[in-house]
Amino acid sequence: MIRWLPLLCAGVLYAQETIDARTLLSLFRSHHAMAQNFELEHERQEALKSLQRSGAPYALFGSLAQAQPTVGSQEIEYSVGISKRFILPGEQARIERSSDLEAQIALMRGEHALMVYMYDLLALYHQSCLQREKVTLLEQLKQQMEELEGKNKRAYALGEVSKKDHLLWQLQQRKTTLEFERQERYRQALFRKFQGYFGERLKIAELACTDLYPLELPQQQSAPQTLLEYRIEALEAERSKGLGEVASVREAEWSLSYEKELDMERYRVGVNLPLEFTSSGAKQQAQLHRIEALQHEHNLQTLSMQTRKARQAAYIALDDAYRRYETLEGPMSQEAIALFEVTQSAYGSGEASAVEVIGISQQVIDILMQIHASKEAFYEALFDYYRLNITGKEFE
């Protein structure tokens, strides 16, 4: 289970020229410190359960005394023996059940944290890919305007373009360049953030971006009872309920000893049975656990209602984001790009003015940026929704 720890301790770095989402999650599970700790938690819980089953050790006891009889010389008296405390079978089964539940709860909490982190990684992967797509688009628009720059300068020199139109062209070209540079800086910042989420163990040169989640509405998830958070709370309630049971006798202790007293030898067998029901502390402890069980039961009811409402609200937000994207994508984006290309061709043949090219290019940029913003909003809403629906079956 921990076969890869020596590699990590040696400081090995994993370099990936191009990484896709599936490889990213696979490397996360096998090499990230958070995932390593989750694997170690399995071993820790098993060790804890073994420790609880091992029971108390044998105890060796003895005493030594010097006796002075009324008649006779001094003599040495002594006793020696062994004792062993053990838990009664019914109580042992209850403790083991509580230990099993505690282990399940700890592992489920760790799994839930892992799933959230993996969705964070996927969200950053999608954001980074969308930002790269946006930068590529702006770069293409910038290059197209630069290609027409020479013609615009010649036309201005020949008096075919007014100084006002020439300045407008230069202004638009500069705005496009500045926007490209701004978005490129943001792309680099996103990529650094993405790299930082994984840590220094993985060096990524480029993202594949060929496996983004489809831009479509997922099916609404099942009942809250299937969620990890709900199941954790249910196990907490079950564990507290079991600890709240008061047994008459939980454990016993036996002892076997040999005593040498003056001229007498004695063999002794003893049994010690603590009566739990006579202790007010034991009763109060059990009452505390019963109260905790009731609290967890109430938490379950609250959690069921809250998660249902939160998931409904998240799905409505996701549906709205999808509708906005659906309205913008498709014919609208295709027509905008086609209009820009037609205007460019018309400008190249002298059938359109620089002002027309500037106006159309600004409209195209605005439309395409709106489409990209709708994609970003969709993926943000999608991963928000997925984080609210973690069952532990994700990424299997």
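A. Representation of the confidence of the model for the protein. Of the residues in the protein, 90% have a pLDDT of 70 or more, and the chain-wide mean is 82. When the elements of the protein are averaged for pLDDT, helix α1 (residues 5-9) gives the smallest value, 34, and helix α5 (residues 163-198) the largest, 88. Between residues 1-13, whose pLDDT stays under 50, and residues either more than four places distant or in other chains, the model counts 20 contacts.

B. Just the side chain of Arg311, in detail. Looking at the secondary structure, you find Arg311 in helix α7 (residues 280-328). Buried Arg311, no salt bridge; nearest opposite-charge side chain is Glu229, N-O distance 8.4 Å. Among the polar contacts made by the side chain of Arg311, one reaches the side chain of Asn389 at a distance of 2.6 Å.

C. Fine view of the environment of Ala93. Among the structural elements, Ala93 can be located in helix α4 (residues 89-157). Note on Ala93: relative accessible area 47%, which makes it partly exposed. Between the alpha carbons of Ala93 and Arg53 there is a distance of 9.7 Å; along the sequence they are 40 residues apart.

D. Highlighting the state of the cysteines. Counted by the stated rule, this structure contains 1 disulfide. Sulfur-sulfur distance for the disulfide between Cys129 and Cys209 comes to 2.0 Å. Where Cys129 bonds to Cys209 through sulfur, the torsion about that S-S bond is close to -85 degrees, and the disulfide is left-handed. Residue Cys129 is located in helix α4, and its partner Cys209 is located in the loop between β4 (202-207) and α6 (228-243); the two are separated by 80 residues in the primary sequence. In this pair, the class of Cys129 matches that of Cys209, namely buried.

The rules we used
Residues numbered from 1 in each chain as written. Predicted model: local features only at pLDDT ≥ 70, side-chain atom pairs only at ≥ 80, totals over all residues. Heavy atoms only, no water. pLDDT = per-residue confidence, 0-100. Helix = DSSP H or I, 4+ residues; strand = E, 2+ residues; numbered from the N terminus. Contact = heavy atoms within 4.5 Å. Buried < 20%, exposed > 50% of the residue type's maximum accessible area, 1.4 Å probe, protein only. Lys, Arg positive; Asp, Glu negative; His and termini not counted. Salt bridge = Lys/Arg side-chain N within 4 Å of Asp/Glu carboxyl O. Polar contact = N/O pair within 3.5 Å; in protein donor to acceptor, adjacent residues only side chain to side chain. Disulfide = S-S within 2.5 Å.

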